[in-house]
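# Remarks on the overall topology
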Amino acid sequence: MTRFSRYLFAIAAGFLILLAASLMGFAAYQVGAAFVTLPKVLASGDFGYTIIDSIGYVVIAIAIIDVAKHLIEEEVMGRHDAASSFRENFPKFISIISIAIFLEGLVLVFKTTQDDIKLLIYPVLLLLVGVAMTVGLAIFQRFGAPRAETASRRAAE
């Protein structure tokens, strides 16, 4: 059963990497299409939004690749130091997702202020979710460390 589950995790990780590469390819396509039709895109004012959307896709792809890397290291290759691995990978993953949320919220703020200012509450709520995730991550990092690590840090200071 262990070998079978390793194969399944390897297939899942490979599929995640393929999806992440597709997202990055789509981001490159969007930027390329914006440059091909640059006068039209500049006239409509969508160039910045296209670039920021593409950055968001790449950031999400990085998060997906990080999850795939974690699957390969932990489940396929069998490197099981789950506690320290989780403490290392979880903050990176949440940081990447927070960045994507902040980017999307920023884009939506600018789009909403141009279209209908009454709908500004939704992008602001999205930005508040990003802030809450960042504060939650800070709390996790402050109180999530084991007592041994905290004691060794205090001794070093």
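Bear in mind the structure is a predicted one, so any value in this text is a computation, not a measurement.

Here we come to the side chain of threonine 50. Mapped onto the elements, threonine 50 comes out in helix 3 (residues 47-76). For threonine 50, a relative accessible area of 15% corresponds to the buried category. For threonine 50, the side chain forms a polar contact with the main-chain oxygen of aspartate 46, separated by 2.8 Å. Residue contacts for threonine 50: discarding those within four places in its chain leaves Gln30 and Ala34.

With respect to the helices, strands and loops of the structure, alanine 20 is situated in helix 1 (residues 2-36). When its relative accessible area of 0% is taken as the criterion, alanine 20 is described as buried. If near-sequence neighbours (up to four positions away) are discounted, alanine 20 is found in contact with Ala61, Ile64 and Ile65.

Once that is clear, we can look at the packing of aromatic side chains. By the definition in use, this model includes three aromatic pairs. Between phenylalanine 26 and tyrosine 57, the ring centres sit 5.5 Å apart and the planes meet at 65 degrees, which makes this aromatic pair edge-to-face. Here phenylalanine 26, found in helix 1, pairs with tyrosine 57, found in helix 3; they are 31 residues apart in sequence, far enough to count as distant. Exposure remark for tyrosine 57: the relative accessible area of 27% places this residue in the partly exposed category. For the cation-ring pair, lysine 111 lies above tyrosine 49, with the distance from its terminal atom to the ring centre recorded as 5.4 Å.

For helix 1, which comprises 35 residues, the first-to-last C-alpha distance of 50 Å matches the rise-based estimate of 51 Å (1.5 Å per residue) to within 8%. All of the buried residues along helix 1 are Ala13, Ala20, Ala27, Gln30 and Ala34. Tucked into the core, helix 1 has its buried residues touching helix 2 (38-44) and helix 3.

Counting residues in each nonpolar core, the largest one holds five residues, listed as Val59, Ala63, Ile96, Ala100 and Leu103. Residue assignment for this core shows that the elements contributing at least two residues are helix 3 and helix 4 (82-115). For this core, the element with the most residues is helix 4, which contributes three residues. Not counting residues up to four positions away in its chain, the partners in contact with leucine 103 are Ile52, Ile55, Gly56 and Val59.

At a minimum axis separation of 8 Å, helix 1 and helix 3 run at an interaxial angle of 165 degrees. Relative to helix 3, helix 1 is oriented roughly antiparallel. Note that helix 1 runs across helix 3; the crossing there is left-handed. Tallied by class, residues from the contact of helix 1 with helix 3 come to 26 nonpolar, three polar and three charged.

What follows is about the pattern of salt bridges. Under the definition given, this model contains two salt bridges. In this structure, the salt-bridge partner of lysine 92 is aspartate 66, at a minimum N-O distance of 3.9 Å. Here the residue lysine 92 occupies a position in helix 4, and aspartate 66 occupies one in helix 3, the gap between them amounting to 26 residues. Taking the relative accessible area as the measure of exposure, lysine 92 reaches 38% and is therefore partly exposed. When salt bridges that share partners are traced, they join Asp66, Lys69 and Lys92 into one network.

Cut-offs used in this document
The written sequence of each chain sets the order in which its residues are numbered from 1. In view of the model being predicted, local features appear only for residues whose pLDDT reaches at least 70, and side-chain atom pairs are presented and counted only at 80 or more, with totals across whole chains, interfaces and linings using the full set of residues. Only heavy atoms go into the side-chain values, all of them from the structure, while hydrogens and water stay out. Put simply, DSSP H or I for four residues or longer makes a helix, DSSP E for two residues or longer makes a strand, and each gets a number counted from the N terminus. For every residue, the accessible area (1.4 Å probe, protein chains only) is compared with the maximum for its type, and the residue is labelled buried under 20%, exposed over 50%, or partly exposed between those bounds. Side-chain atoms alone can form a polar contact between residues adjacent in sequence; in general such a contact is a pair of N or O atoms within 3.5 Å, and within protein one must be able to donate a hydrogen while the other accepts it. Between two residues, a contact is recorded if the distance between any of their heavy atoms is within 4.5 Å. Two aromatic rings from Phe, Tyr or Trp, using only the six-membered ring of Trp, form a pair when their centres are within 6.5 Å; if the ring planes differ by under 30 degrees the pair is stacked, by over 60 it is edge-to-face, and anything between is tilted. By the criterion adopted, a ring carries a charge over it if an Arg CZ or a Lys NZ lies within 6 Å of its centre and within 35 degrees of its normal. Here a helix's expected span is defined as the number of its residues, less one, multiplied by 1.5 Å. In these notes, a set of buried Ala, Val, Leu, Ile, Met, Phe, Trp, Tyr and Cys residues joined through side-chain atoms within 4.5 Å is what counts as a nonpolar core. In this analysis an axis means a line fitted to C-alpha atoms, helices contributing only their contacting stretch, and an angle means the value between N-to-C directions, from 0 to 180 degrees. Should an angle fall under 35 degrees it is taken as roughly parallel, and over 145 as roughly antiparallel, whereas 65 to 115 is taken as roughly perpendicular and any remaining angle as oblique. A crossing counts as left-handed when the near helix is turned anticlockwise from the far one by less than a right angle, and as right-handed when that turn is clockwise. Any residue that is not Ala, Val, Leu, Ile, Met, Phe, Trp, Tyr, Cys, Pro, Asp, Glu, Lys or Arg is counted as polar, Gly included; the first ten are nonpolar and the last four charged. Throughout this description, the term salt bridge denotes a Lys or Arg side-chain nitrogen within 4 Å of a carboxyl oxygen of Asp or Glu.

What is shown is where atoms sit, not what they do.
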